[in-house]
Amino acid sequence: MSQLKCKMIELPKILDRRGNLTFIEACCHIPFNIKRVYYLYDVPGGALRGGHAHRHLQQFVIAASGSFTVRTDNGFEKEDFYLNRSYYGLYVPTMTWREIDNFSSGSVCLVLASEHYDQEDYIRDYHEFKQLAAEGIADGQS
Ligand code: TYD
């Protein structure tokens, strides 16, 4: 069974004396069509967000401002990613347990999502996640 991997993706960056510009087109830069955008902001020091996985949702996480750490686990391997540039993002595939912490003051965590919000898609129990991951219950694997 192939394990799903997170990966950092560098985005186009248009340098300009008036301020830099980065863009994302669903066809070309990230491997899914965007159905939803949400963002975390005004995050107090020491907060931890996430602590769940998704059965079908794919996400692309960007530090639009400031920095934070995305801690990922595909059920087999754990990997931490420190995001601190707005021209990079982290692709998070289906069936990835993720937590976000270490937010800098004033940071903004921008998330592009492949699906609309669906509470049923969440796996909030880590032991259930580990079991489903071991059984290969994910998109294209069930
Ligand atoms: P949740 O995904 O649990 O946040 P986090 O993973 O960052 O801790 O969502 C927190 C609340 O916000 C929860 O009540 C559901 C709601 N929510 C929406 O209504 N729509 C959305 O797109 C998202 C991401 C969350």
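For the structure itself, consult the block above.
Residues numbered from 1 in each chain as written. Predicted model: local features only at pLDDT ≥ 70, side-chain atom pairs only at ≥ 80, totals over all residues. Heavy atoms only, no water.

Let us now look at the state of the cysteines. Under the counting rule described, the total for this entry stands at one disulfide. In this structure Cys6 is a free cysteine whose sulfur lies 13 Å from that of Cys109, the closest cysteine sulfur available. (Disulfide = S-S within 2.5 Å.)

Taken together, the side chains of Ile34, Val37, Tyr39 and Tyr41 define a hydrophobic patch exposed on the protein surface, amounting to about 400 Å² of accessible area. Topologically, Val37 is positioned in strand β2 (residues 36-40). (Patch = residues over 30% accessible without salt bridge, like charges linked within 9 Å, V, L, I, M, F, W, Y side chains within 5 Å. Areas by Shrake-Rupley, 256 points an atom, 1.4 Å probe, with all protein chains shown as cover. Salt bridge = Lys/Arg side-chain N within 4 Å of Asp/Glu carboxyl O. Helix = DSSP H or I, 4+ residues; strand = E, 2+ residues; numbered from the N terminus.)

Moving on: the nonpolar core. The nonpolar side chains of a soluble globular protein tend to be buried with one another. One finds Val61, Phe68, Val70, Leu83, Leu90, Phe103 and Cys109 to be the most contacted residues of the largest nonpolar core, which totals 16 residues. Within the residue set of this core, elements represented by two or more residues are β4 (59-65), β5 (68-73), β6 (78-83), β7 (88-92) and β9 (108-113). Those residues in contact with Leu90, other than ones at most four positions away along the chain, are Cys6, Lys7, Met8, Gln59, Phe60, Val61, Val70, Thr72, Phe81 and Leu83. (Core = buried A, V, L, I, M, F, W, Y, C linked by side-chain atoms within 4.5 Å. Buried < 20%, exposed > 50% of the residue type's maximum accessible area, 1.4 Å probe, protein only. Contact = heavy atoms within 4.5 Å.)

Attention shifts here to the site of the ligand. Taken together, Arg36, Tyr38, Leu40, Arg49, Gly50, His52, Tyr117, Tyr122 and Arg124 make up the full set of residues adjacent to the ligand. In the model, an oxygen atom of the ligand is placed 3.1 Å from a nitrogen or oxygen of the Gly50 main chain. Interatomic distance of 3.3 Å between a side-chain N/O atom of Arg124 and an oxygen atom of the ligand. Look at the ligand: alone it shows 530 Å² of surface, and the protein chains cover 60% of it. Taken together, the elements giving at least two residues each to the shell around the ligand come down to β2 and β3 (49-54). Partitioned by chemical class, the residues of the shell around the ligand number four nonpolar, two polar and three charged. (Near = heavy atom within 4 Å. Polar contact = N/O pair within 3.5 Å; in protein donor to acceptor, adjacent residues only side chain to side chain. Nonpolar A, V, L, I, M, F, W, Y, C, P; charged D, E, K, R; others polar.)

Our next topic: unusual backbone geometry. One non-glycine residue, Asp42, adopts positive backbone phi at about 50°. For Asp42, the location among the structural elements is in the loop between β2 and β3. Phi angles above zero are rare outside glycine, and Asn102 is one such case at about 60°. Take Asn102: it is sitting in the loop between β8 (97-101) and β9.

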